[in-house]
Amino acid sequence: METKQRKKTDPFRRQRITATLCALAVLLGSLWIASLLQPETAETFAPASPIRLVLDPGHGGVDGGAIAYNGVKESDLNLAIALRLRDLAAFYGLETSMTREDDRTLSDDEHYSEHEDLVSRAAFLNAEGGLCLSIHQNTFPTSQPRGAQVLYGAGEESRRLGQRIQNCIVSHLQPENRRVAEPASSGLYLPSHVEHPFALVECGFLSNLSELQELSSERYQKSFAAVLLCACLQYAHDSEIG
């Protein structure tokens, strides 16, 4: 009985397929971002003068931040969204830097000091320059509140950046959100000590079960990152024509 010869297995086939799918995902993401841009800015993805994004995923390491009922840590969600934003920004040729790219603090874990950690983050943001975004999650004693909230630092440019981000979130991701960007409290360290345009983005409420599910979704994280990038590009474009 004649036996069929097995086809040789290409050991790199899976890698090529994965790479192709990743490239397609980035392309689709870029097209979606282009659709988010307002008509006057849709013709250009990047401003004439290159901008730099400096991302601060809040908390990390021994400081998990807020903890959801199911054990999800704020620090992990902050990092996930910031990493997706970094990757999208790189696709558009924007320079990026991050206060952390893994689960750690900027302070000695063994003798962790929240103040020392914040001082280190502010020093990093000030040294890097550019548009500074600190990514966080919110929480509340009851489960009703939901929706992103942007707090901006001192100065007109921080106000413009914060309002642009909040408006983009409401317009393209959370149409039911009635919150508006607000100046950060003087009691918050980073907004008071970062010298560049600064916005602290509370992406949502871990205490709201439906929003927690969204924030834990890879798809939603990518969407949120895309909206943040869109807002930064529009802010930069507005600055050039203003």
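Residues numbered from 1 in each chain as written. Predicted model: local features only at pLDDT ≥ 70, side-chain atom pairs only at ≥ 80, totals over all residues. Heavy atoms only, no water.

Caption draft 1: Region of the structure containing the sheet that holds strand E4 (residues 149–152). Taken in spatial order, the six strands of this open sheet run E2-E1-E3-E6-E4-E5, and their pairing is mixed. This sheet does not close on itself; its edge strands, each paired only once, are strand E2 (95–98) and strand E5 (182–183). Direction of pairing for strand E3 (residues 131–138) relative to strand E6 (residues 198–205): parallel, over a ladder of six bridges. Note that in E6 the partner of His-136 across the bridge is Glu-202. Each of strand E1 (52–57), E2, E3 and E6 touches helix H2 (residues 74–91); the most contacted strand, E3, lies at about 145° to it. The sheet contacts of helix H4 (residues 156–172) involve E3, E4 and E6, and relative to E4 the element is tilted by about 175°. (Pairing = 2+ DSSP bridges. Helix = DSSP H or I, 4+ residues; strand = E, 2+ residues; numbered from the N terminus. Contact = heavy atoms within 4.5 Å. Axes fitted to C-alpha atoms, helices over the stretch in contact; angles between N-to-C directions.)

Caption draft 2: Local environment of the nonpolar core. Leu-53, Leu-133, Ile-165, Val-201, Phe-224, Leu-228 and Leu-229 are the most contacted members of the largest nonpolar core, which totals 46 residues. Mapped by element, the contributors of at least two residues to this core are E1, H2, E3, E4, H4, E6, helix H6 (209–215) and helix H7 (218–241). If one sorts the elements of this core by residue count, H7 sits on top with 13 residues. Not counting chain neighbours up to four residues away, the residues in contact with Val-201 comprise Ser-134, Ile-135, His-136, Gln-149, Val-150, Ile-165, Ile-169, Phe-224 and Leu-228. Listed in part, the 10 residues of the second largest apolar core include Ala-122, Leu-125, Leu-190 and Val-194. (Core = buried A, V, L, I, M, F, W, Y, C linked by side-chain atoms within 4.5 Å. Buried < 20%, exposed > 50% of the residue type's maximum accessible area, 1.4 Å probe, protein only.)

Caption draft 3: How the structure looks around the layout of surface pockets. Taken as a whole, the second largest pocket encloses approximately 270 Å³ of empty space. In this structure, the second largest pocket is lined by 19 residues; those nearest its centre are His-59, Glu-114, Leu-118, His-136 and Leu-200. Going through the elements one at a time, helix H3 (114–128), E3, helix H5 (189–193) and E6 are the ones with two or more residues in the lining of the second largest pocket. Ranked by residues supplied to the lining of the second largest pocket, first place goes to H3 with four residues. The residue makeup of the lining of the second largest pocket, split by class, is eight nonpolar, five polar and six charged. (1 Å grid on protein atoms, 1.4 Å probe; cavity = no way out; pocket = protein on both sides within 12 Å on 5 of 7 lines; lining within 4 Å. Points joined across faces, edges and corners; volume = space filled by probe spheres on them. Nonpolar A, V, L, I, M, F, W, Y, C, P; charged D, E, K, R; others polar.)

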